[in-house]
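Residues per chain, in single letters:
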Amino acid sequence: MTVPPEDMRLAADFPAATLEEWRLLAHSVARKAGLADEDSEPGTVEDLLSTTTYDGVRIAPLYTADTGTVPTGLPGMFPYTRDSRTAGAAATGWDVRQRHADPDPKATNAAVLADLENGATSLWLVLGDSGIPLDGLPAALDGVHLDLAGVVLDAGGQSLAATEAWFDLLDARGVPAGEVAGNLGLDPLGLRAATGTPTELPLTSVAGAAARCAADFPRLRAVTVDATGYHDAGGSDAEELGCAVATGLAYLRTLTDGGLGLAEAFDQLEFRYAATADQFGTIAKLRAARRLWARVAQVCGLPAAGGQRQHAVTSAAMMTARDPWVNMLRTTVACFAAGVGGAGAVTVQPFDLSLGLPDALARRVARNIQSLLLDEANVGRVVDPAGGSWYVERRTEELARAAWDWFTEIERAGGMAAALDSGLVADRLAATWRRRADNLAHRRDPITGVSEFPNLDEQLPVREPAPSPPSGGLPRHRYAEQFERLRDRADAHRTATGDRPTVFLAALGPPAVHSARTGFAANLLAAGGIATVTGTGDDPATLAAEFTASGATVACLCSSDKLYAESAGPVAAALTAAGALRVWLAGRPKDYPGVTGHLYAGCDAVEVLTELLRDLEVAG
């Protein structure tokens, strides 16, 4: 057996790379790609390749010891950036928490038992009008060992009644108080945000339940700070965090005013955040959230109480109804990021979430995503694996500062309740959603399977409708909603007429010339549920005849700019004479006779598709 030399070093024969060398190489590539002017300096390449988040945080293409920041603290120690627990999830893994909202208690019970037998460690039960009836709670938990499985309640305006039903069930089954784990899910401000009214669950109602938990149930919390509603309304990461911190502080005031000590009040709170397929964004968000809450504890004079309990839920806003199988990839990345980011509990939403109540396959996949990451990939075995990364540390720092600025703005407005009632929160989130919706419409924020690479021939699985969540307050958005509304219109047209709306693609010249734009146009049109028929050639009369044979009423020219200059006008005229109501062109706007619209990279795809559906006389 060959023994390697003791002084062997990786890359020992290569000279050390310098930042200036990287800038020169990157600038050369940027110029070839058209991102940089020929006379620009290499030192500007960072600005050319940088992006900015919805919070104004600059994401640079490269981070070094000079641009990053050092890790803050140690796991389990103030300011808890690196984890609220000293050993993180290394000992037992994070809490695999499955959500259930089926109004049929019998069906819920079967799903609950399957989850607990196959990897889930706690349950999140949606009760009341949006889920399981309160009187169905005993049946839903039949056969469940309540001294082993933690239970988190989520009953909205019926939270107080759900709390009593839960305590009655515990008494009836004789569960020792010291063995009961979970959360009662009281969240008056979260409900206020969702419904627009404070009357369903008064803020002061949490104090009595929290006092009972603190006195008799050491492993049971009373309050959930659910920030996912701000995320679902279109908010940014910093806005989600700022709202969470402001809500948590409001609950601390309520609990201490109700007689709890400060340490007891901190101990009664668990925070719920959305985890998205933006891997590093989610990691930074969870790390920043802990740092922010630690700062609140420090200002309150009790820094040791600032270890935030975190429940990460894969984002509902990022889920799609179209091509729902891609949701498995989104939730896997989000779950990985939640685990790496240090969440104590993680819920993976089923891939068919946007279609209705999940089936057994969807629940099993959701469980197995977590099982594979924990038991096969060993993601939970390392505490804060992103810690020390110059990029992650810098992004955590800047996100925390942006969130703190938003939190203090809420506080200056009178606190979270006042900010909700005045419209401050709604207006801020709506402004962010408008920017996000614009990026989605222009496909700067692409959605695989919806705005990119849609499948017109897909057969969507059919699911039972899910109960409606509370409404009347902040809106609930999904990133795919604009495109999916267009697809729904096109599908309804096909159902009503027997034909899918279709555009004729006039591909000018040989395939090497037109194929790129033909593929681009077909992909964009499919995002609106529009099919394509392609005709090829250079002769206007031949293309006009193929157009007539296709049965389409709208055409789009696809070729190179050079061929457009020669043939766009004559071909457009021939298509119009053959009955085309409108002739579009795949390429950036330029005046060509007879061409009245353009498809191009960076165009407002939603606006273009809306126009096309109108051209094709699709109702909606």
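Structural notes, computed from the coordinates. Quick caveat: nothing in here was measured; it's all calculated off a predicted structure.

**Digging into the overall build of the chain**
Consideration 1: Per the secondary structure count, the chain includes 21 helices and 15 strands.
Consideration 2: A compact globule built from 620 residues should have a C-alpha radius of gyration of about 25 Å, and the chain, at 28 Å, falls within 12% of that.
Consideration 3: Dimensions of the chain along its principal axes, counting C-alpha atoms only, are 85 × 70 × 65 Å.
Consideration 4: Within the span of the chain, comprising 620 residues, buried residues form 52% of the whole.
Consideration 5: Looking at the chain alone, contacts between residues at least 24 apart form 76% of all its contacts between residues at least 6 apart.
Consideration 6: Of the roughly 26500 Å² of accessible surface on the chain, a fraction of 54% belongs to carbon and sulfur atoms.
Consideration 7: Separation between the mean location of the 53 positive side-chain charges and that of the 77 negative ones in the chain comes to 1 Å.

**Looking at the environment of Arg381**
Consideration 1: Mapped onto the elements of the fold, Arg381 is located in the loop between helix H13 (360-376) and helix H14 (390-412).
Consideration 2: Judged by its relative accessible area of 56%, Arg381 falls in the exposed class.
Consideration 3: Measuring from C-alpha to C-alpha, the distance between Arg381 and Ser354 comes to 32 Å, with 27 residues separating the pair along the chain.

**Section: the packing of aromatic side chains**
For any pair of aromatic rings, the description rests on two quantities: the centre-to-centre distance and the angle between the ring planes.
Consideration 1: For the coordinates displayed, the defined rule picks out twelve aromatic pairs.
Consideration 2: Their ring planes at 35° and their centres at 4.9 Å tell us that Trp325 and Phe351 sit as a pair that is tilted. Taken together, the positions of Trp325 in the loop between strand S9 (310-314) and helix H12 (327-341) and Phe351 in the loop between strand S10 (345-347) and H13 put the pair 26 residues apart, joining distant regions of the chain.
Consideration 3: Arranged with centres 6.5 Å apart and planes meeting at 20°, the rings of Trp433 and Tyr479 form a pair that is stacked. With Trp433 in helix H16 (residues 424-441) and Tyr479 in the loop between H16 and helix H17 (481-497), this pair connects stretches of sequence that are 46 residues apart.
Consideration 4: The aromatic ring of Trp124 is capped on one face by Arg99, whose charged end is 5.4 Å from the ring centroid.
Consideration 5: The ring of Trp406 has Arg428 lying over it, and the distance from NZ or CZ to the ring centre is 4.3 Å.

**Looking at the pattern of salt bridges**
Consideration 1: Inspection of every chain in the model, using the stated rule, returns 39 salt bridges.
Consideration 2: Close ionic contact of Asp384 with Arg82 constitutes a salt bridge, the shortest N to O distance being 2.6 Å. With Asp384 in the loop between H13 and H14 and Arg82 in the loop between strand S2 (58-59) and strand S3 (95-100), the pair connects residues that are 302 residues apart, well separated along the chain. Arg82 carries the same exposure label as Asp384, and that label is buried.
Consideration 3: Each of Arg322, Glu458, Arg487, Asp488, Asp491 and Arg500 takes part in one network of salt bridges that share partners.

**Remarks on the sheet that holds strand S13 (residues 554-558)**
Sheet strands pair via backbone hydrogen bonds, and the direction of the pair is either parallel or antiparallel.
Consideration 1: Within the open sheet, the five strands sit side by side as S12-S11-S13-S14-S15. Their pairing is parallel. Only two strands of the sheet have a single neighbouring strand rather than two, namely strand S12 (531-537) and strand S15 (597-599). Within this sheet the neighbouring strands show an average axis-to-axis angle of 30°, counted without direction.
Consideration 2: With four bridges connecting them, S13 and strand S14 (residues 582-586) associate as parallel partners. Looking at the pairing, Val554 lines up with Arg582 of S14.
Consideration 3: Lying over the sheet, helix H21 (residues 605-615) contacts strand S11 (502-508), S13, S14 and S15, oriented at roughly 150° with respect to S14.

**Looking at the pairing of strand S8 (residues 269-275)**
Consideration 1: Buried residues dominate S8, accounting for seven of its seven residues.
Consideration 2: On S8, burial covers both faces: Leu269, Phe271, Tyr273 and Ala275 on one face and Glu270, Arg272 and Ala274 on the other are all buried.
Consideration 3: In this structure, strand S7 (residues 220-226) lies alongside S8, joined through four bridges in parallel fashion. When the sheet's bridge partners are listed, Val223 is paired in S8 with Leu269.
Consideration 4: As paired strands, S8 and S9 are joined by five bridges and run parallel to one another.

**Quick notes on the packing of H16 against H17**
Consideration 1: Put simply, H16 and H17 touch, their axes get as near as 9 Å, and they point 55° apart. Overall, the two elements H16 and H17 adopt an arrangement that is oblique. On H17, the residues that touch Trp433, Ala437, Leu440 and Ala441 of H16 are Glu481, Gln482 and Phe483.
Consideration 2: Per-class residue counts for the contact of H16 with H17 are five nonpolar, one polar and one charged.

**With respect to H12**
Consideration 1: Taking 1.5 Å of rise per residue, the 15 residues of H12 would be expected to cover 21 Å, and the 20 Å separating its terminal C-alpha atoms lies within 8% of that figure.
Consideration 2: Where H12 is buried, its residues meet S8, helix H11 (279-299), S9, S10 and H13.
Consideration 3: Positive backbone phi, approximately 100°, marks Gly342, located one or two places after H12.

**Details of helix H19 (residues 540-550)**
Consideration 1: All of the buried residues along H19 are Leu543, Ala544 and Phe547. What you see down the axis of H19 is that its buried residues fit within an arc of 100°, all on one side. Residues of H19 that are exposed and angled more than 90 degrees away from the buried face: Ala541, Thr548 and Ala549.
Consideration 2: Where H19 is buried, its residues meet S11, S12, S13 and helix H20 (561-577).
Consideration 3: Note on H19: the residue one or two positions beyond its end, Gly551, has a positive phi of about 80°.

**Details of the side chain of Glu458**
Consideration 1: Relative to the helices and strands, Glu458 resides in the loop between H16 and H17.
Consideration 2: At 2.8 Å, the side chain of Glu458 forms a polar contact with the backbone nitrogen of Asp323.
Consideration 3: Side chain to side chain, Glu458 and Arg487 meet in a polar contact 3.1 Å long.

**What about the nonpolar core?**
Consideration 1: Core analysis: the largest hydrophobic core is formed by 157 residues, its most contacted members being Trp166, Leu184, Tyr230, Leu557 and Leu575.
Consideration 2: Ranked by residues supplied to this core, first place goes to helix H9 (residues 237-257) with eleven residues.
Consideration 3: Among residues more than four places away in sequence, those in contact with Trp166 are Leu137, Leu141, Leu146, Val151, Leu153, Val180, Leu184 and Leu220.
Consideration 4: Grouped together as the second largest cluster of nonpolar side chains are five residues, Ala101, Trp124, Val126 and Val152 included.

Calculation criteria
Residues numbered from 1 in each chain as written. Predicted model: local features only at pLDDT ≥ 70, side-chain atom pairs only at ≥ 80, totals over all residues. Heavy atoms only, no water. Helix = DSSP H or I, 4+ residues; strand = E, 2+ residues; numbered from the N terminus. Rg over C-alpha atoms; globule rule 2.2 N^0.38 Å. Buried < 20%, exposed > 50% of the residue type's maximum accessible area, 1.4 Å probe, protein only. Contact = heavy atoms within 4.5 Å. Areas by Shrake-Rupley, 256 points an atom, 1.4 Å probe, with all protein chains shown as cover. Lys, Arg positive; Asp, Glu negative; His and termini not counted. Charge placed at Lys NZ, Arg CZ, Asp CG, Glu CD. Phe/Tyr/Trp six-rings, centres within 6.5 Å; stacked < 30°, edge-to-face > 60°. Lys NZ or Arg CZ within 6 Å of the ring centre and 35° of its normal. Salt bridge = Lys/Arg side-chain N within 4 Å of Asp/Glu carboxyl O. Pairing = 2+ DSSP bridges. Axes fitted to C-alpha atoms, helices over the stretch in contact; angles between N-to-C directions. Parallel < 35°, antiparallel > 145°, perpendicular 65-115°, else oblique. Nonpolar A, V, L, I, M, F, W, Y, C, P; charged D, E, K, R; others polar. Expected span 1.5 Å × (residues − 1). Arc of directions from axis to C-beta. Polar contact = N/O pair within 3.5 Å; in protein donor to acceptor, adjacent residues only side chain to side chain. Core = buried A, V, L, I, M, F, W, Y, C linked by side-chain atoms within 4.5 Å.

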